[in-house]
Amino acid sequence: MSPRCDVLVVDDEPVVVDAIRMVLADEGLAVATAADAETALAHPCLDGCRLVICDLMLPGRSGLEALQAMRARRPRLGIVMITGNATPANEDLVLAAGATAYLPKPFDASELLTLVRHVLAQSDVAGEERES
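Predicted model, so just to flag it, every value in this text is computed and none were measured.

K.L.:
Lay out the pattern of salt bridges in plain terms, naming residues and giving numbers.
P.N.:
Considering all chains together, one arrives at eight salt bridges under this definition. Salt bridges sharing partners connect three or more residues here, namely Asp11, Glu13, Asp55 and Lys105.

Structure representation (structure tokens):
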């Protein structure tokens, strides 16, 4: 049985991870973290989480590669890609690869919460449809 986790945050910047964790914990969400794609893909929470927030630029395997692997493993998983290198080309690339949403850094807590609530609501509906 996987440990309880609502959101898996994948980013190599501790300050970003800590900020996201605090915002989501205040929302009552259980947050797990990983600093790179390999750790995220091996994380025990990945198979049971409701949402992944993943940086596009990670050491080693890229966030795009992590996205593709997660999408292959869990086709309905909510995946929000974040990046400090926001360009229209990067947005198109990650959305075409299957990201649920794209959020450029820097973002504020309200932007993050609005997006997380929306993605979680969508994934909860998808989960109900699957169970019906």
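K.L.:
Explain the pairing of strand 3 (residues 51-55) residue by residue, including any values.
P.N.:
Of all five residues making up strand 3, five are buried, and the element is well covered by its neighbours. The alternating pattern of strand 3 places Leu51, Ile53 and Asp55 on one face and Val52 and Cys54 on the opposite face, and all of these are buried. Across four bridges, strand 1 (residues 7-10) lies against strand 3 in parallel orientation. Directly across from valine 9, in strand 3, lies its bridge partner isoleucine 53. In this structure, strand 3 lies alongside strand 4 (residues 78-83), joined through five bridges in parallel fashion. Pairing of aspartate 55 across the sheet is with isoleucine 82, part of strand 4. Where the polypeptide runs from strand 3 across helix 3 (residues 63-73) and back to strand 4, its parallel neighbour, the crossover connection is right-handed.

K.L.:
Could you give an account of the environment of phenylalanine 107, naming the residues involved and the relevant values?
P.N.:
Mapped onto the elements of the fold, phenylalanine 107 is located in the loop between strand 5 (101-104) and helix 5 (109-131). Sequence separation between phenylalanine 107 and alanine 72 is 35 residues; the distance between their C-alpha atoms is 28 Å. Beyond its immediate stretch of four places on either side in the chain, phenylalanine 107 contacts Ile20, Ile82 and Leu112.

Rules behind the numbers
- Residues numbered from 1 in each chain as written.
- Predicted model: local features only at pLDDT ≥ 70, side-chain atom pairs only at ≥ 80, totals over all residues.
- Heavy atoms only, no water.
- Salt bridge = Lys/Arg side-chain N within 4 Å of Asp/Glu carboxyl O.
- Buried < 20%, exposed > 50% of the residue type's maximum accessible area, 1.4 Å probe, protein only.
- Helix = DSSP H or I, 4+ residues; strand = E, 2+ residues; numbered from the N terminus.
- Pairing = 2+ DSSP bridges.
- Right-handed = clockwise from strand over helix to strand, strands pointing away.
- Contact = heavy atoms within 4.5 Å.

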